[in-house]
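Structural overview for review
Chain residues, written in single-letter form:
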Amino acid sequence: MSENLYYLNTTFNLYLNREIERITENLNKKNFKKAEQDSKRLLKEFPKHFAVNNLLGLCFYYQNKMNDSELYFSKAIKEEKKFEDGYKNLGTVYKRTGKIIKAKNIFEQLLLINPKSINGLINLADIFQELNQIEKAINFYKKVLEIDKTSYLIFFKIGVCLQSLGKFDEAINYFNKSMELNKTFTQPEYNISLSLKYKSENDPHFKRLKEKDSMISNNLREKVQIYYSLGKAYEDIKETDKAFQFFNKAASLEKKFINYDFDHEKKLFKNIKTFFNKKEIAYINSKEKSNVIFILGMPRSGTTLVEQIISSHDDVYGAGELPDVMNIFLTHFFDRKKRVFLLSNKQLNDKKFLKKIRQEYFDSIGRFFSDEKKILIDKSPFNFKFIGLIKIILPNAKIIQCERNSIDNCLSIYKSNIPSAASNFKYDFKQLAEYYKSYLDLMNFWKKKFPDFIYKLSYEKLVQNQKDETKKVLNFCNLSLNKKCFKFEKNVKFIKTASLFQARKPVYQTSINSWKKYEKHLSPLIELLQSK
């Protein structure tokens, strides 16, 4: 949020300025209700004043009342067409609520007012990255560097974009520049480690990682990236004992900085099953051909590989991991505080309401469709929680569940630096195993509830017999046979996950039973996975 709430002017009403300062003080003290009350009172006196409308918008924003916030930020820029902070704030609300195209339009308007607005340039770059228009994102990030060459985060973001396009050498140059500007910034080291195949401890980057390991305090969060990087490096040179030691250090240290309660997760899983056991749910009947494919499952189960294969088809666009289904769920179907579903039986049987939700979803993902690409892939793995919702509003969607050997899958999650709060269960074996078993339980529930709706794809079968398994999954998706899918490593689409290096290589089988290299360290995990 932009905190520059108004423009002081010597000819301004002194009373108005004093009131705005007082309300701003309450906002800074997080007295949001008081600030809201005073803003509403002031708005009655100055209903068309841009700064007061903006102020009330901020009050609502900080209370997570996004619809009200959007309304008053919109009024602010309507009353003052060149009010830059109003555009910044409204664009931020649109981004936060998943209205990406509206956000894009607002930040473009901001740049018409001020072409050198760093806020506008960065937000547009971020939006283009989210829209998977990576080259455009890079161009806007570079415009920021023309104004400020010292922004280490912008160098890092350009590196991430280049890495997602498979331009690993260029990406490494930007990552290194980012760390030159900020000596304490260690995230790029992990990104660099993903782009390299280490041959020995004498590799230059390997040496640098060991130097940073000795220099950075063991209690600092920056050390987490070094630990993950060293774990990956030692794994590359087949020193698995040392590799596991660093993966374990990374998980133990990161766990100290997160607040995760698995009981909340268990409550959600239980509530999902209870909710969808109801027989009175009215599913939308539609004869339309499906144009959305969901690839889901646990992280590190092969979702990126499967997306890379299917999106090689001429008709298919792989959009990566999208938040749209989750946003629909959180907006319309969920009470965040009670962690329960909100819908009544009346709403569940209101087909007009459900069709409205369906249209809202299609409006949201419409940004990815084109004349050439008529079918969309969403590979957000955690969509497995929302299969019931998908069935309600998209009854003809195609769902592919990626399944992998449980020990391989859990170990791969444990070893990976997954920057998502949704993966906060991964930092100790007990929670990891419990989450995995809860996932299997929920998937078994969905398969009984919707037996013909989900296609289970074995990762092991896919890498051992790619051609036949690819034919089967294309058939399930009602897609014609396309030989490009057999040469998926030539697919030039972006990849944003930790699999960005592997997914650009032909299928390899070394990841099958890879847990056996670490077997002596995994007894607790194996016992937990096998227990009832």
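Anyway, here's the lowdown on the structure attached to this text. All values derive from a computational prediction rather than experimental measurement. (Residues numbered from 1 in each chain as written. Predicted model: local features only at pLDDT ≥ 70, side-chain atom pairs only at ≥ 80, totals over all residues. Heavy atoms only, no water.)

Brief notes about the packing of helix 7 (residues 118-130) against helix 9 (residues 152-164)
What counts is decided by this rule: Comment: axis = line fitted to C-alpha atoms, over the contacting stretch for helices; angle = value between 0 and 180 degrees taken between N-to-C directions. Secondary structure follows DSSP: runs of H or I at least 4 residues long count as helices, runs of E at least 2 residues long count as strands, and numbering of each begins at the N terminus. For classification purposes, an angle smaller than 35 degrees is called roughly parallel, one larger than 145 roughly antiparallel, one from 65 to 115 roughly perpendicular, and anything else oblique. By the definition used in this description, the sense in which the near helix is turned from the far one sets the handedness, with an anticlockwise turn below a right angle giving left-handed and a clockwise turn giving right-handed. The criterion used for residue contact is that any of the two residues' heavy atoms lie within 4.5 Å. Think of it as three bins: nonpolar holds Ala, Val, Leu, Ile, Met, Phe, Trp, Tyr, Cys and Pro, charged holds Asp, Glu, Lys and Arg, and polar takes everything else, Gly as well.
Across the interface, helix 7 lies against helix 9 with an axial gap of 12 Å and an inter-helix angle of 20°. As judged from the angle between their axes, helix 7 and helix 9 are roughly parallel. When the axes of helix 7 and helix 9 are compared, the crossing they make is left-handed. Across from Ile-122, Asp-126 and Gln-129 in helix 7, the residues of helix 9 making contact are Ile-154, Lys-157, Val-160 and Cys-161. Here the contact of helix 7 with helix 9 is composed, by residue class, of 4 nonpolar, 1 polar and 2 charged.

Focus: the layout of surface pockets
To locate leftover empty space, one rolls a probe as large as a water molecule over the atoms. Selection criterion: Site definitions follow a grid-based scheme: protein atoms alone, a 1 Å grid, a 1.4 Å probe that fits but cannot get out for cavities, and for pockets an open set with protein on both sides within 12 Å along at least five of seven lines, plus lining residues having an atom within 4 Å of a point. Grid points are joined across faces, edges and corners, and a volume is the space filled by probe spheres set on the points.
Roughly 930 Å³ of volume is contained in the second largest pocket. Counting residues per element, the ones that place at least two in the lining of the second largest pocket are helix 4 (66-79), helix 6 (100-113), helix 17 (324-332) and helix 19 (351-365). Among the elements that make up the lining of the second largest pocket, the one with the highest residue count is helix 17 (7 residues). Residue composition of the lining of the second largest pocket, by class: 7 nonpolar, 9 polar and 9 charged.

Let's talk about the environment of Asp-169
Looking at the element boundaries, Asp-169 is found in helix 10 (residues 168-181). Taking the C-alpha atoms as reference points, Asp-169 and Leu-196, separated by 27 residues in sequence, lie 9.6 Å from one another.

Here we look at the nonpolar core
Formally: In plain words, nonpolar cores are sets of buried Ala, Val, Leu, Ile, Met, Phe, Trp, Tyr and Cys residues tied together by side-chain atoms within 4.5 Å. Only protein chains enter the calculation, and the probe is 1.4 Å; a residue is then buried if its accessible area is under 20% of its type maximum, exposed if over 50%, and partly exposed in between.
Counting 85 residues, the largest nonpolar core has Phe-294, Tyr-361, Phe-384, Ile-387, Tyr-435, Trp-446 and Leu-522 as its most contacted members. Here this core takes 10 residues from helix 22 (residues 429-449), the largest share from any one element. Not counting residues within four places of it along the chain, the set of residues in contact with Trp-446 comprises Ile-272, Phe-276, Phe-384, Lys-385, Ile-387, Gly-388 and Ile-454.

Here we look at the pattern of salt bridges
This is how the line gets drawn: By definition here, a salt bridge exists when the distance from a side-chain nitrogen of Lys or Arg to a carboxyl oxygen of Asp or Glu is within 4 Å.
Enumeration according to the criterion identifies 35 salt bridges in this entry. Residue Glu-19 is joined to Arg-41 by a salt bridge in which the shortest nitrogen-to-oxygen separation is 2.8 Å. Taken together, the residues Glu-19 in helix 1 (residues 14-28) and Arg-41 in helix 2 (residues 32-45) connect sequence positions 22 residues apart. Residue Glu-19 is classed as buried on the basis of its relative accessible area of 9%. Connected via shared salt-bridge partners are Glu-19, Arg-22, Lys-34, Asp-38, Arg-41 and Glu-45.

Notes on a positive patch on the surface
Heads up, the condition is: The patches described consist of residues with a relative accessible area above 30% and no salt bridge, like charges being joined within 9 Å and nonpolar side chains (Val, Leu, Ile, Met, Phe, Trp, Tyr) within 5 Å. Residue burial considers only the protein chains on display, and all accessible areas are found by Shrake-Rupley using a 1.4 Å probe. Charge counting follows a simple rule: Lys and Arg are positive, Asp and Glu are negative, and His as well as the terminal groups are ignored. Note that the charge is assigned to NZ on lysines, CZ on arginines, CG on aspartates and CD on glutamates.
Taken together, the side chains of Lys-48, Lys-75, Lys-78 and Lys-81 present a region of like positive charge at the surface. Along the chain, Lys-78 falls in helix 4.

Some words on the packing of aromatic side chains
In plain terms, the rule: For this analysis, a ring pair means two rings from Phe, Tyr or Trp (six-membered ring only for Trp) whose centres lie within 6.5 Å, classed as stacked if their planes differ by under 30 degrees, edge-to-face if by over 60, and tilted for the remaining angles.
As enumerated under the stated definition, the model contains 39 aromatic pairs in all. A ring pair is formed by Phe-276 and Trp-446, whose centres lie 5.3 Å apart and whose planes are at 70°; its orientation type is edge-to-face. With a gap of 170 residues between them, Phe-276 in helix 15 (residues 262-276) and Trp-446 in helix 22 connect regions that are remote in the sequence. Taking relative accessible area as the criterion, Phe-276 reaches 2% and is therefore assigned buried. The class of Trp-446 is buried, set by a relative accessible area of 0%.

Considerations on the pairing of strand 6 (residues 398-403)
Selection rule: Only strands joined by at least two bridges in the DSSP assignment are considered to pair.
Counting buried positions along strand 6 yields 5 of 6 residues, so the element is predominantly enclosed. The pairing of strand 1 (residues 292-297) with strand 6 spans 5 bridges and is classified as parallel. Residue Ile-295 lies in a different strand from strand 6, and its bridge partner there is Ile-400. Bridge count between strand 6 and strand 7 (residues 454-458): 5 bridges; the pairing is parallel. Paired with Glu-403 across the two strands is Ser-458, which belongs to strand 7.

Notes on helix 11 (residues 187-195)
When you tally the buried positions in helix 11, you get 8 out of 9 residues, the bulk of the element. All of the buried residues along helix 11 are Pro-188, Glu-189, Tyr-190, Asn-191, Ile-192, Ser-193, Leu-194 and Ser-195. Where helix 11 is buried, its residues meet helix 9, helix 10, helix 12 (204-215) and helix 13 (222-236).

Details of the environment of Ser-195
Counted only if it meets this: Whenever a nitrogen or oxygen atom comes within 3.5 Å of another N or O atom, the pair is scored as a polar contact, on the condition that within protein one atom can donate a hydrogen and the other can accept it, and that pairs from neighbouring residues in sequence are kept only if both atoms are in side chains.
Positionally, Ser-195 belongs in helix 11. A residue is classified by how much of its surface remains accessible, and Ser-195, at 8% relative accessible area, is buried. Between the C-alpha atom of Ser-195 and that of Lys-167, which follows or precedes it by 28 residues, the distance is 9.4 Å. At 2.6 Å, the side chain of Ser-195 forms a polar contact with the side chain of Gln-163.

Quick look at helix 24 (residues 466-476)
Where we set the bar: Think of the arc as the fan of directions from the helix axis to the C-beta atoms.
Along helix 24, the residues that are buried comprise Gln-466, Glu-469, Thr-470, Val-473, Leu-474 and Phe-476. Burial along helix 24 is one-sided: seen end-on, the buried residues are contained in an arc of 155°. The elements touched by buried residues of helix 24 are helix 16 (303-310), strand 6, strand 7 and helix 23 (459-464).

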